[in-house]
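The residues making up each chain are set out below.
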Amino acid sequence: MNKSILSVLTLALFVVHIKNFAFAPATLHVAPGDSVAFVNDDSEAHTATSITRAFDSAGLDTGDRWVHRFTKAGTYAYICALHPYMKGSIVVSPAGARK
(Lines give C-alpha, C1' and ligand atoms only; values in the text may rest on other atoms or scores of the structure.)
Protein backbone atom coordinates (compact mmCIF):
# COMPACT_ATOMS: atom_id res chain seq x y z
CA MET A 1 0.00 0.00 0.00
CA ASN A 2 1.42 3.40 -0.86
CA LYS A 3 2.18 6.04 1.75
CA SER A 4 -0.58 8.49 0.70
CA ILE A 5 -3.26 5.81 1.03
CA LEU A 6 -1.94 4.89 4.49
CA SER A 7 -2.09 8.56 5.50
CA VAL A 8 -5.74 8.81 4.49
CA LEU A 9 -6.60 5.60 6.33
CA THR A 10 -5.11 6.88 9.59
CA LEU A 11 -7.18 10.10 9.60
CA ALA A 12 -10.13 10.03 11.93
CA LEU A 13 -13.54 11.59 12.31
CA PHE A 14 -14.49 12.71 15.79
CA VAL A 15 -17.89 13.97 16.95
CA VAL A 16 -18.86 16.83 19.25
CA HIS A 17 -22.52 16.71 20.22
CA ILE A 18 -24.43 19.88 21.04
CA LYS A 19 -27.10 19.13 23.62
CA ASN A 20 -28.64 20.87 26.63
CA PHE A 21 -26.80 24.08 25.67
CA ALA A 22 -23.38 22.42 25.98
CA PHE A 23 -20.69 20.88 23.78
CA ALA A 24 -19.84 17.25 24.58
CA PRO A 25 -17.05 16.59 25.00
CA ALA A 26 -16.12 20.12 26.03
CA THR A 27 -12.46 19.42 25.17
CA LEU A 28 -11.45 17.09 22.38
CA HIS A 29 -7.91 15.96 21.45
CA VAL A 30 -7.22 15.19 17.78
CA ALA A 31 -4.24 14.92 15.44
CA PRO A 32 -3.50 17.21 12.48
CA GLY A 33 -5.62 16.10 9.53
CA ASP A 34 -8.43 14.73 11.69
CA SER A 35 -11.98 15.97 11.13
CA VAL A 36 -14.53 16.89 13.76
CA ALA A 37 -18.28 16.72 13.14
CA PHE A 38 -20.40 19.07 15.21
CA VAL A 39 -23.91 17.62 15.56
CA ASN A 40 -26.79 19.66 16.95
CA ASP A 41 -28.87 17.32 19.12
CA ASP A 42 -30.58 20.25 20.84
CA SER A 43 -33.99 21.78 20.21
CA GLU A 44 -32.46 25.23 19.58
CA ALA A 45 -30.14 26.47 16.82
CA HIS A 46 -26.43 26.67 17.69
CA THR A 47 -23.06 27.37 16.07
CA ALA A 48 -19.51 26.17 16.55
CA THR A 49 -17.51 29.36 16.13
CA SER A 50 -13.79 29.68 16.81
CA ILE A 51 -13.01 32.71 18.96
CA THR A 52 -10.25 33.56 16.44
CA ARG A 53 -12.62 32.90 13.49
CA ALA A 54 -10.46 29.97 12.33
CA PHE A 55 -13.76 28.16 11.69
CA ASP A 56 -17.47 28.93 11.88
CA SER A 57 -20.27 26.46 11.30
CA ALA A 58 -22.90 29.16 10.82
CA GLY A 59 -26.33 28.25 12.23
CA LEU A 60 -27.02 24.57 12.89
CA ASP A 61 -30.68 23.70 13.31
CA THR A 62 -31.85 20.62 15.21
CA GLY A 63 -30.35 17.52 13.59
CA ASP A 64 -27.84 19.47 11.47
CA ARG A 65 -24.21 18.38 11.23
CA TRP A 66 -21.13 20.34 10.15
CA VAL A 67 -17.61 18.95 9.68
CA HIS A 68 -14.30 20.78 9.96
CA ARG A 69 -10.85 19.34 9.23
CA PHE A 70 -8.07 20.53 11.56
CA THR A 71 -4.77 20.71 9.68
CA LYS A 72 -2.53 22.72 12.04
CA ALA A 73 -1.45 21.99 15.60
CA GLY A 74 -2.82 24.29 18.28
CA THR A 75 -5.68 24.80 20.69
CA TYR A 76 -8.87 26.06 19.11
CA ALA A 77 -11.27 27.58 21.62
CA TYR A 78 -14.80 27.98 20.34
CA ILE A 79 -18.24 29.14 21.43
CA CYS A 80 -21.81 29.10 20.21
CA ALA A 81 -22.22 32.57 18.67
CA LEU A 82 -25.91 32.50 19.61
CA HIS A 83 -25.23 31.44 23.23
CA PRO A 84 -21.68 32.64 24.06
CA TYR A 85 -21.66 30.98 27.48
CA MET A 86 -21.40 27.65 25.63
CA LYS A 87 -17.66 26.94 25.30
CA GLY A 88 -15.43 24.18 24.04
CA SER A 89 -11.95 23.54 22.70
CA ILE A 90 -10.24 21.33 20.18
CA VAL A 91 -6.60 20.49 20.96
CA VAL A 92 -4.68 19.50 17.84
CA SER A 93 -1.33 17.83 18.48
CA PRO A 94 0.72 15.19 16.68
CA ALA A 95 -0.20 12.60 19.32
CA GLY A 96 -3.84 13.73 19.19
CA ALA A 97 -6.37 11.24 20.48
CA ARG A 98 -3.93 8.42 19.89
CA LYS A 99 -1.76 9.26 22.90
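What counts and how
Residues numbered from 1 in each chain as written. Predicted model: local features only at pLDDT ≥ 70, side-chain atom pairs only at ≥ 80, totals over all residues. Heavy atoms only, no water. Pairing = 2+ DSSP bridges. Helix = DSSP H or I, 4+ residues; strand = E, 2+ residues; numbered from the N terminus. Buried < 20%, exposed > 50% of the residue type's maximum accessible area, 1.4 Å probe, protein only. Polar contact = N/O pair within 3.5 Å; in protein donor to acceptor, adjacent residues only side chain to side chain. Phe/Tyr/Trp six-rings, centres within 6.5 Å; stacked < 30°, edge-to-face > 60°.

### Here we look at the sheet that holds strand S3 (residues 27-30)
Here is step 1 of the chain: With mixed pairing, 4 strands are arranged side by side in an open sheet as S3-S8-S7-S5. Each of the sheet's edge strands pairs with one partner strand only, and the pair in question is S3 and strand S5 (49-50).
Here is step 2 of the chain: Two strands pair when backbone bridges link them, and S3 and strand S8 (residues 83-92) are joined in this way by 4 bridges, in the parallel orientation. Bridging from a neighbouring strand, Val30 pairs with Val92 of S8.

### Topic: the environment of Arg69
Here is step 1 of the chain: Among the structural elements, Arg69 can be located in strand S6 (residues 65-69).
Here is step 2 of the chain: The class for Arg69 is partly exposed, based on a relative accessible area of 47%.
Here is step 3 of the chain: In this structure, the C-alpha to C-alpha distance between Arg69 and Val36, residues 33 residues apart in sequence, is 6.3 Å.
Here is step 4 of the chain: A polar contact of 3.0 Å, which involves the side chain of Arg69, links it to the backbone oxygen of Gly33.

### Looking at the packing of aromatic side chains
Given two aromatic rings, one states the distance between the centres and the angle between the planes to describe the pair.
Here is step 1 of the chain: Applying the stated criterion to the full structure yields 8 aromatic pairs.
Here is step 2 of the chain: When the centroid spacing of 4.7 Å and the interplanar angle of 75 degrees are considered together, the rings of Phe23 and Tyr78 count as edge-to-face. Placement of Phe23 in strand S2 (residues 22-24) and of Tyr78 in strand S7 (residues 74-80) is noted, with a sequence separation of 55 residues between them.
Here is step 3 of the chain: Judged by centre distance (6.0 Å) and plane angle (55 degrees), the ring pair of Phe55 and Tyr78 falls under tilted. Taken as a pair, Phe55 in the loop between S5 and S6 and Tyr78 in strand S7 lie far apart in primary sequence, 23 residues in all.
Here is step 4 of the chain: Under the relative-accessibility criterion, Phe55 is labelled buried at 4%.
Here is step 5 of the chain: Through a chain of ring-to-ring contacts, three or more aromatic side chains come together here, namely Phe23, Phe38, Phe55, Trp66, Phe70, Tyr76 and Tyr78.

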